[in-house]
Amino acid sequence: MDAGIDLMIDQMTDVVARRERGLGLDHPFTVASRQLLSAFTSGQWRPPGA
């Protein structure tokens, strides 16, 4: 994987963990962040130009 994408995944993983702790597992922001992280890690979503 590209180093930029790896960094993005690392950062989004941190965001998800913080939202789970701060907002709870079922909060809409937490759920959306988890879904975006899943799209990043599965290769379903790539940033423009990647």
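Residues numbered from 1 in each chain as written. Predicted model: local features only at pLDDT ≥ 70, side-chain atom pairs only at ≥ 80, totals over all residues. Heavy atoms only, no water.

*Asks:* Please set out the pattern of salt bridges residue by residue, giving values where relevant.
*Replies:* Side chains that differ in sign of charge can pair as their charged atoms come close. Within this structure, the stated rule accounts for two salt bridges. Here R18 makes a salt bridge to D14, at a shortest N to O gap of 2.8 Å. Taken together, the residues R18 and D14, both in helix α1 (residues 3-23) and four residues apart, mark about one turn of the helix. Between E20 and R34 there is a salt bridge, with the nearest N and O atoms lying 3.4 Å from each other. Taken together, the residues E20 in helix α1 and R34 in helix α2 (residues 28-42) connect sequence positions 14 residues apart. Overall, E20 belongs to the partly exposed group, its relative accessible area being 29%. The partly exposed category is assigned to R34, whose relative accessible area is 31%. (Salt bridge = Lys/Arg side-chain N within 4 Å of Asp/Glu carboxyl O. Helix = DSSP H or I, 4+ residues; strand = E, 2+ residues; numbered from the N terminus. Buried < 20%, exposed > 50% of the residue type's maximum accessible area, 1.4 Å probe, protein only.)

*Asks:* For the packing of α1 against α2, give the residues involved together with the corresponding values.
*Replies:* A pair of packed helices is captured by two measures, namely the crossing angle of their axes and the spacing between those axes. The interhelical angle for the contact between α1 and α2, taken along N-to-C directions, is 160 degrees, at an axis separation of 9 Å. By the angle between their directions, the pair α1 and α2 is classed as roughly antiparallel. In this structure, the crossing between α1 and α2 has a hand that is left-handed. Taking contact as the criterion, the partners of M8, I9, M12, T13, V15, V16, R19, E20 and L23 in α1 are, on α2, F29, T30, S33, R34, L36, L37, F40 and T41. (Axes fitted to C-alpha atoms, helices over the stretch in contact; angles between N-to-C directions. Parallel < 35°, antiparallel > 145°, perpendicular 65-115°, else oblique. Left-handed = near helix turned anticlockwise from the far one by under 90°. Contact = heavy atoms within 4.5 Å.)

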